[in-house]
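# Fold and contact review
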Amino acid sequence: HCLDRLKVKNRTELINESYNDQASTDNPYLKAERKNTEEILHKIIENLPALQKAIITMKDIEEYEVEEIAAIIGTKVEAVRMNLSRARKKVREEYLKWTRV
């Protein structure tokens, strides 16, 4: 469990550094738009069912492999893929609702 936490911390730090480097070269409008999009996506992910939220967070944010997620959750790889697909579909649908308003 400790090794998993360290792995997540390292991945998160790398993501944040590359994101900040990219954002620093953008104009203020693009920075605001990127921040707004990030906030919307976090709100959408927070409202997903617990299992889908955990899976999409581990896969798309913490960059775990599907096999690693299956081992952590204690389920089959196919179940992880199915839940990940459903979670991404729901995020996509909800994001389109937010941006069309």
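Structure: above.
My aim in this report is to walk through the structure given alongside it, one point at a time. (Residues numbered from 1 in each chain as written. Predicted model: local features only at pLDDT ≥ 70, side-chain atom pairs only at ≥ 80, totals over all residues. Heavy atoms only, no water.)

Looking only at helices and strands, one finds five helices and zero strands in the chain. Secondary structure elements of the chain occur, N-terminal to C-terminal, as α-α-α-α-α. In the chain, which comprises 101 residues, the proportion classed as buried is 23%. Pairs at least 24 residues apart make up 55% of the contacts formed inside the chain by residues separated by at least 6 positions. (Helix = DSSP H or I, 4+ residues; strand = E, 2+ residues; numbered from the N terminus. Buried < 20%, exposed > 50% of the residue type's maximum accessible area, 1.4 Å probe, protein only. Contact = heavy atoms within 4.5 Å.)

Glancing now at the packing of helix 3 (residues 50–61) against helix 4 (residues 66–73). Remark: helix 3 packs on helix 4, axes separated minimally by 10 Å, with the N-to-C direction vectors making an angle of 140°. In terms of orientation, helix 3 and helix 4 fall into the oblique class. Like other packed secondary-structure pairs, helix 3 and helix 4 cross with a definite hand, here right-handed. Contacts between helix 3 and helix 4 pair Leu51, Ile55, Met58 and Lys59 from the former with Val66, Ile69, Ile72 and Ile73 from the latter. (Axes fitted to C-alpha atoms, helices over the stretch in contact; angles between N-to-C directions. Parallel < 35°, antiparallel > 145°, perpendicular 65-115°, else oblique. Left-handed = near helix turned anticlockwise from the far one by under 90°.)

On to the environment of Ser85, then. Relative to the helices and strands, Ser85 is located in helix 5 (residues 77–100). Classification of Ser85 by relative accessible area gives partly exposed; the value is 46%. Residues Ser85 and Gln52, 33 residues apart in the sequence, show an inter-C-alpha distance of 9.1 Å.

Glancing now at helix 2 (residues 28–46). For helix 2, with 19 residues, the first-to-last C-alpha span of 27 Å sits near the 27 Å given by 1.5 Å per residue. Among the residues of helix 2, Ile40, Ile44 and Ile45 are the ones counted as buried. All buried residues of helix 2 lie within an arc of 130° about the axis, which places them on one face of the element. Projecting away from the buried face of helix 2 at angles above 90 degrees are the exposed residues Pro28, Lys35 and Glu46. Packing partners of the buried residues in helix 2 comprise helix 3 and helix 5. (Expected span 1.5 Å × (residues − 1). Arc of directions from axis to C-beta.)

Our next topic: the pattern of salt bridges. Applying the stated criterion across every chain, the model contains five salt bridges. Note that Glu67 and Arg81 form a salt bridge whose closest N and O atoms lie 3.8 Å from each other. On the criterion of sequence distance, the pair formed by Glu67 in helix 4 and Arg81 in helix 5 is long-range, its members being 14 residues apart. The class of Glu67 is partly exposed, set by a relative accessible area of 44%. For Arg81, a relative accessible area of 44% gives the class partly exposed. (Salt bridge = Lys/Arg side-chain N within 4 Å of Asp/Glu carboxyl O.)

A cluster of nonpolar residues, Leu51, Ile72 and Ile73, forms a patch on the protein surface that exposes about 220 Å² of accessible area. Relative to the assigned elements, Ile72 resides in helix 4. By relative accessible area, Ile72 is classed as partly exposed at 40%. (Patch = residues over 30% accessible without salt bridge, like charges linked within 9 Å, V, L, I, M, F, W, Y side chains within 5 Å. Areas by Shrake-Rupley, 256 points an atom, 1.4 Å probe, with all protein chains shown as cover.)

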